[in-house]
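Commentary on secondary and tertiary structure
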Amino acid sequence: MKSFAESNEVSRDDYEHLRNEVDNLKAEILSLTDKLSAEAARRKAVEFELAKIKTGSEVPVQQHKGKVAVEAAIIGNEKKKESTGHEYDVYIIQVTSSSGDRWNVSKRYKNFEVLHFHMLRKFGEHVPSIPPKSGDLFTSKSQKVEKRKITLQAYLKALLSDQHMSSYPPLQNFLKSDANPPPEAGPS
């Protein structure tokens, strides 16, 4: 029986080149499949958090009641560990009120995603984009965290610089309490 190359008069170099391309495409498909699986898991976590909001199974603590946050700066981050052993990063945000009072809140990236969902629902395309959870494959974890800190800081600054967005209850509650996630907005 003749080989594919012999029966189709394809040179051995062409055959090897095509075979390498197929192998590269297979690797790319596997990589994209992994990314899709990770995105599906992230999306499921966000949907779970949203379901908790809708059912009221987790009501945030209202700290700093009556204070309006006018400025927020991400001043650091720390590693935390879930009971399952899974490690995650928490961003420490220093909030300043209109009266000059300051306090810190700690938020995970997924809390920013839930906040972003609320902001999009109310303000649509006027909301700045949130930085992606995953970054460049060739940067270290610590570099990704630092880059995300900077982009989340810019995100918060943009939200607080807009007169309408800055007073929106989910954003203000996000900045008042360590409880997760921000509460659902009242009637608009």
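Note that the structure is predicted; figures quoted are calculated from it, not measured.

A word on the overall build of the chain. Along the backbone of the chain there are 6 helices and 3 strands. In the chain, the succession of helices and strands from N to C terminus is α-α-β-β-β-α-α-α-α. Considering the chain as a whole, with its 188 residues, one finds that 32% of them fall into the buried category. Restricting the contact set of the chain to residue pairs at least 6 apart, pairs at least 24 apart contribute 59%. On the chain, roughly 12200 Å² of surface is accessible, and the fraction owed to carbon and sulfur atoms is 53%.

Bringing the sheet that holds strand β2 (residues 87–97) into the picture now. Backbone-to-backbone hydrogen bonds join strands into a sheet, with any given pair of strands oriented parallel or antiparallel. Taken in spatial order, the 3 strands line up as β1-β2-β3 in an open sheet, and their pairing is antiparallel. In this open sheet, the two strands that pair with only one neighbour each are β1 (69–81) and β3 (102–108). Recorded for the sheet is a direction-independent mean angle of 25° between the axes of neighbouring strands. With 7 bridges joining them, β2 and β3 adopt antiparallel strand pairing. By the bridge assignment for β3, Val90 is matched with Arg108. Across the sheet, helix α3 (residues 109–123) touches β1, β2 and β3, and the angle it forms with β3 is around 95°. Contacts between helix α4 (residues 141–161) and the sheet are confined to β1 and β2, with β1 contributing the most and set at about 155° to the helix.

The subject of this paragraph is the packing of aromatic side chains. One pass over the full model with this rule turns up 3 aromatic pairs. Aromatic side chains Phe112 and Phe174 sit 5.1 Å apart centroid to centroid with 70° between the ring planes, which places their arrangement in the edge-to-face category. Here Phe112 is found in helix α3, whereas its partner Phe174 is found in helix α6 (residues 169–174), with 62 residues between them in sequence. Here Phe112 falls in the buried class, since its relative accessible area comes to 0%. Centroid distance Phe123 to Tyr168: 5.2 Å. Interplanar angle 80°. Geometry classified as edge-to-face.

Attention now moves to α4. Taking 1.5 Å of rise per residue, the 21 residues of α4 would be expected to cover 30 Å, and the 30 Å separating its terminal C-alpha atoms lies within 8% of that figure. Those residues of α4 that are buried lie in contact with β1, β2, α3, α5 (163–166) and α6.

Further remarks concern the packing of α3 against α4. Where α3 meets α4, the axes come as close as 12 Å, and the angle between the chain directions of the two elements is 30°. Considering their axes alone, α3 and α4 lie roughly parallel with respect to each other. Where α3 crosses over α4, the handedness of that crossing is left-handed. Contact residues: Tyr109, Phe112, Leu115, His116 and Met119 in α3; Arg148, Leu152, Tyr155, Leu156 and Leu159 in α4. The residue makeup of the contact of α3 with α4, split by class, is 8 nonpolar, 1 polar and 1 charged.

What counts, and at which threshold
Residues numbered from 1 in each chain as written. Predicted model: local features only at pLDDT ≥ 70, side-chain atom pairs only at ≥ 80, totals over all residues. Heavy atoms only, no water. Helix = DSSP H or I, 4+ residues; strand = E, 2+ residues; numbered from the N terminus. Buried < 20%, exposed > 50% of the residue type's maximum accessible area, 1.4 Å probe, protein only. Contact = heavy atoms within 4.5 Å. Areas by Shrake-Rupley, 256 points an atom, 1.4 Å probe, with all protein chains shown as cover. Pairing = 2+ DSSP bridges. Axes fitted to C-alpha atoms, helices over the stretch in contact; angles between N-to-C directions. Phe/Tyr/Trp six-rings, centres within 6.5 Å; stacked < 30°, edge-to-face > 60°. Expected span 1.5 Å × (residues − 1). Parallel < 35°, antiparallel > 145°, perpendicular 65-115°, else oblique. Left-handed = near helix turned anticlockwise from the far one by under 90°. Nonpolar A, V, L, I, M, F, W, Y, C, P; charged D, E, K, R; others polar.

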